[in-house]
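Listed here are the chains, written in short residue letters.
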There are 4 protein chains.
Amino acid sequence: MRTETILLNPERNVSLTVYLQPVGGEYGRIERRPAALVIPGGGYHFCSDREAEPVALAYLKAGYQAFVLRYSLDAQAAWPHPLDDYEQAMGMIRDNAEEWHVAADRIAVIGFSAGGHLAACAATMSKNRPNAAILGYPVIDGVCARDYLPSAPDVIAHVDGNTCPCFVFATRTDNLVPVSNTIHMVNALCENDVAFESHIYSNGKHGLSTGDASIEGDVFSERYPRWVEDSLSWLADVLGGITPGGLTDPRFGAKINGNREEKLNLDCTIAHLMKSAPARKVLDEFLPGWDKGTPGAAAGVIRLRDGLTYRGLDAKTVADIEAALNAIDNPDSAARG
Amino acid sequence: MRTETILLNPERNVSLTVYLQPVGGEYGRIERRPAALVIPGGGYHFCSDREAEPVALAYLKAGYQAFVLRYSLDAQAAWPHPLDDYEQAMGMIRDNAEEWHVAADRIAVIGFSAGGHLAACAATMSKNRPNAAILGYPVIDGVCARDYLPSAPDVIAHVDGNTCPCFVFATRTDNLVPVSNTIHMVNALCENDVAFESHIYSNGKHGLSTGDASIEGDVFSERYPRWVEDSLSWLADVLGGITPGGLTDPRFGAKINGNREEKLNLDCTIAHLMKSAPARKVLDEFLPGWDKGTPGAAAGVIRLRDGLTYRGLDAKTVADIEAALNAIDNPDSAARG
Amino acid sequence: MRTETILLNPERNVSLTVYLQPVGGEYGRIERRPAALVIPGGGYHFCSDREAEPVALAYLKAGYQAFVLRYSLDAQAAWPHPLDDYEQAMGMIRDNAEEWHVAADRIAVIGFSAGGHLAACAATMSKNRPNAAILGYPVIDGVCARDYLPSAPDVIAHVDGNTCPCFVFATRTDNLVPVSNTIHMVNALCENDVAFESHIYSNGKHGLSTGDASIEGDVFSERYPRWVEDSLSWLADVLGGITPGGLTDPRFGAKINGNREEKLNLDCTIAHLMKSAPARKVLDEFLPGWDKGTPGAAAGVIRLRDGLTYRGLDAKTVADIEAALNAIDNPDSAARG
Amino acid sequence: MRTETILLNPERNVSLTVYLQPVGGEYGRIERRPAALVIPGGGYHFCSDREAEPVALAYLKAGYQAFVLRYSLDAQAAWPHPLDDYEQAMGMIRDNAEEWHVAADRIAVIGFSAGGHLAACAATMSKNRPNAAILGYPVIDGVCARDYLPSAPDVIAHVDGNTCPCFVFATRTDNLVPVSNTIHMVNALCENDVAFESHIYSNGKHGLSTGDASIEGDVFSERYPRWVEDSLSWLADVLGGITPGGLTDPRFGAKINGNREEKLNLDCTIAHLMKSAPARKVLDEFLPGWDKGTPGAAAGVIRLRDGLTYRGLDAKTVADIEAALNAIDNPDSAARG
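Residues numbered from 1 in each chain as written. Chains lettered and ligands numbered in written order. Predicted model: local features only at pLDDT ≥ 70, side-chain atom pairs only at ≥ 80, totals over all residues. Heavy atoms only, no water.

J.: Any chance you could break down the interface of chain C and chain D for me, citing the residues and the numbers?
T.: Of the residues lining the interface, 50 residues belong to chain C; the matching set on chain D comes to 50 residues. Our count for the contact surface shared by chain C and chain D stands at eight salt bridges. Put simply, D237 of chain C and R223 of chain D hold a salt bridge, and the shortest N to O gap is 3.0 Å. For the interface between chain C and chain D, the tally reads 27 residue pairs in polar contact (both at pLDDT 80 or more). (Contact = heavy atoms within 4.5 Å. Salt bridge = Lys/Arg side-chain N within 4 Å of Asp/Glu carboxyl O. Polar contact = N/O pair within 3.5 Å; in protein donor to acceptor, adjacent residues only side chain to side chain.)

Rendered as structure tokens:
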């Protein structure tokens, strides 16, 4: 393994520590590895060592290349400096993807507390987006973020259809960053059709990091430390896994439905299509009564494709419907978001 | 094990199936067992067998007494008939607690889908409250509930400081009951200072029950089936565990803070006390500047007791503060809720 | 679930308790379930309740039909009475397989301590063999067995190529039945080419059963309770699993190699074939030097089939070799054992 | 983390790669870490990369300092060169324990295949003994060892009361190193009163290392990869754990009984004491009939101390018995072994 700390910005004392595992040889067809960019917390006043290397080790063990970003703090942290630091780090990782044996389209950010705020900003506002974000007891709400960094933006306002898939976890009894930050983030992801997973453990104070053996063991729910393996399992779902034959395709799509695509499509929900007059016209013609019989709330989650399956339509009719929908602009397109 | 199905209401075909394990003998000091009252789903149109006995078995294996409630359906389900059925079942369990070897203050309801709606109503509206509620991909929002049962109430409006601790889980891609039901429930629990745990798994359709081997294995996240053991671990946190020496005390309190007690107290959050003029007066006197230095959002989660710890107050002063606060009525008392 | 205790032998107070789950309906294509026949321990002096129903519940939860055998004890236990009791129980289960929805070729015995002795006897000596055996801290050696039942047979002497696959577990610090019983059993299974899995946990006294929450928690290794889920995972390997599409085929063969088949074959190990003059003749002709180049000890575990793969033989030659070997009697055939 | 490869012996190309984590600071009272010395396999012909750094990462993640030894191979491997390499490496780790923040009395060796042979030799023959040994599908028997290295010693002959606690695992279908090596090792450990844990998984070929995602996933039992966390859990049992308050004491003693101490004692088994005429004399006097009533085989595992507990002897009598036994030389003392 090669480890090195690269100074990204001497004025602001920003650095990227790289942990690179070999490929090839006995690792067979694994030529590039997925990567984890760890962003420790510390209220934009320090970068917690406990949320840095121990986290990197967990992803290294799972076969990832790992990186730790130490970003601008205190006086140097006036926004958007921390986000600029992230952009620089992610840019460097992707620029060096070949030499560093990184799969450039399988890079997750993993941030905690204030670092979770920065990771969430990366997921929602950055130019150089991560492919997935893991947010640990993150600062999300503007009112909370500004407690630590007056210029810090509110994350919720930036969640949209372009936000990458997110895994968000926290403890319900967090005694520093209210768990409502996590709930609000999850709610915004849901409302914007973003893929996510969320775990809120009942008991545990702020800053538990991996919850490993060196952390106070008697004051948090024993389920807490599972977020580590659960996040790895989730990453395999959304980014794909590591196998002896190389990297595998994601198990599930990164998109929950087609409601944010540029054009209407079969993966739009029934409720989404019902809002579009041109779509109604197409569907009324091919499939009279298509919008009946689905419970109201369920129409918001059932995709037309699944609805068609029940009706036993022939393949040509389905293709015709698809073509007709694909000709209609989607007013909620993320591209226009 | 004794199993029996008791007809609770012949007109409405309501029944309670009991699964009772022995105590005493080789089970030593276990004289009463905690209990699980399982409420299967089915859109108030049927009661799913998949969400009944297999769930009971999971809790039986963990040492619980188990019960399955089959409640009023379809034409018989006009509200509050299903809730009445619950009241009758819970009343019977508590009335027979001695004979059935049930710890009457350690009874959880476990409901799925529409059964999750009924379990959530039990947690928020019933006279004979459960001690904890486990809600699986529940119907919560009134608009969603009415799709299945026009007279069904909205749950959110009834969440208050008297709601029992809840464990809420769902899949993000639920294709029938939108996951927003779960998020709204979690948000309401948070806003009302109720203890909870929540797991939203990224992928999986509606109705996965325990996610055990007999359920479609290739279409949901492998983390999903963990809700079963996680719910048991959580119940041990909030209700206490089963050990050879008998039942143990809960590991964590059922209350997140003291903000819903009848009188103000040391476990109120700083933000809660700041809202009370009499409390401010007490604290300004004993502890000038007590309301300074805590980040704004954090004041909503830091309890005064923890804040005092940092200041190194002597025990007598703490006791005096406590006495003074205890003399002040709490405007947000759950008892008045 | 239907539970019932059937008296098998009133004179000897032998009974079979049945726990039967439904099939069909929402359980779809699961028409028959695998089964677990639990045999509790107690030194042939009593049948431990702790090793009976709690064990049955673990297998019920996993989708099995479950049975508990209470067998002849003390004065009634003169050998072969307990084994006769087993034969009667297993006969009844197989005779009722259709009505009880049992997959008659997927029945495991699970015995503990003295019940492990009886289960091991079932695996090695019975007429009505189980399809797999799970042996928990079993009594195996004759010298140990006779401490509890003077007429009890030594198990080791009866292990042969017809013994069913076994899962054997114990604690290294067992303070009643020496762990050497388990080691000797594993060694005998190995020497007789029987499939097995074995887990010896470092610490824990005798009689821990499932190691669940109601058992003394501070005196055994935390790994101990995993034998339950590990045994279920192993059963899925050797008997096949339960899925929504019905029962699946075993993942691995029940045989380690072909050394106990009636005729020689491609799955015999190289060392086994080297002992046979006719086999040597066949192989020297087709594949000069076939017995060279394999490390001596490895020849005892490398099957000819795998060895051929390395040599890139064409399919016809492989078929010819197979036919020639199949014409040769296997001196170690289990059928003659 | 500091990583470095130190050349131990240029002529034989022997090296020690060190992976050192920080202590102090946010790691609080953790001033020294336990350590893992990884010894990869490769038939004494190469050192497998798959059994080197990925294994080190698993122990690093758990808070250990990690080391990889690449030892003498092929022509350079004439015995005792590999063992000398081990001695040099372990000596260097202990000599640098302070600078490297290693708890010198909590160092485990972890070897695989031929590296498992070398680790087992370290556990049984070395001057600078490890505190625990983890042996993965090890080469143990002389006949097997000599297949790979003609001068390699048989391990079994060297197992005695001084052997350190061992965790031994393998797959039953190992296709290169017969699983009988593992069984023979476990048997020898048992016969010499050495503490151990053992896991033999039913299916899997040779050389699976950690069984992680980059290893062929469809050809081994899903239980196999658990050896990693199980070995960590076992190490916490025998070496002690890592907590925020520092390293904790071992949960269980490293000794199974007192049968190998220099003097007889209360932790000797009843059978052991029965073999000693002076011990019989002491016990017959204090406790007539002490050797009666215990089943024969059980006498080999019940320690006198536990037997006394049942009899309710007063503390003075117990102390007198202890003093009298402590005056008697133990013929099976490991010190004389």
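J.: Describe the packing of aromatic side chains, naming the residues involved and giving the relevant values.
T.: Within the structure shown, the criterion is met by 52 aromatic pairs over all chains. Each ring, one from Y44 of chain A and one from Y71 of chain A, has its centre 5.8 Å from the other, and the planes form 75°; the classification is edge-to-face. Of this pair, Y44 of chain A sits in the loop between β3 (33–39) and α1 (53–61) while Y71 of chain A is found in the loop between β4 (65–70) and α2 (81–95), placing the two residues 27 residues apart along the sequence. With a centroid separation of 6.1 Å and 85° between ring planes, the pair formed by Y137 of chain D and F169 of chain D is classed as edge-to-face. Of this pair, Y137 of chain D sits in the loop between β6 (132–136) and α4 (142–148) while F169 of chain D sits in strand β7 (residues 166–171), and the two are 32 residues apart along the sequence. Here Y137 of chain D matches F169 of chain D in class, with each residue buried. Of the aromatic side chains, those joined through ring pairs into one cluster are F112, Y137, F167, F169, Y201, F220, Y224, W227 and W234 of chain A. Across the ring face of Y27 of chain B, the terminal group of R33 of chain B is positioned such that the distance to the ring centre comes to 5.1 Å. (Phe/Tyr/Trp six-rings, centres within 6.5 Å; stacked < 30°, edge-to-face > 60°. Helix = DSSP H or I, 4+ residues; strand = E, 2+ residues; numbered from the N terminus. Buried < 20%, exposed > 50% of the residue type's maximum accessible area, 1.4 Å probe, protein only. Lys NZ or Arg CZ within 6 Å of the ring centre and 35° of its normal.)

J.: Give a detailed account of the interface of chain B and chain A, specifying residues and quantitative values.
T.: The partner chain A presents 50 residues to the 50 residues of chain B that form the contact. In total, about 4,000 Å² of surface goes out of reach between chain B and chain A, with carbon and sulfur atoms giving 53% of it. Area buried by chain B at its contact with chain A is led by R172, I183 and R223 of chain B, which between them contribute 16% of it. For the pair chain B and chain A, the interface holds eight salt bridges. Our count for the contact surface shared by chain B and chain A stands at 27 residue pairs in polar contact (both at pLDDT 80 or more). Looking at the side of chain B that touches chain A, the elements that each hand over two or more residues are α5 (142–148), α6 (180–191), β8 (196–201) and α7 (227–239) of chain B. Partitioning the side of chain B that touches chain A into residue classes produces 24 nonpolar, 13 polar and 13 charged. (Buried area = accessible area lost by both parts, 1.4 Å probe. Nonpolar A, V, L, I, M, F, W, Y, C, P; charged D, E, K, R; others polar.)

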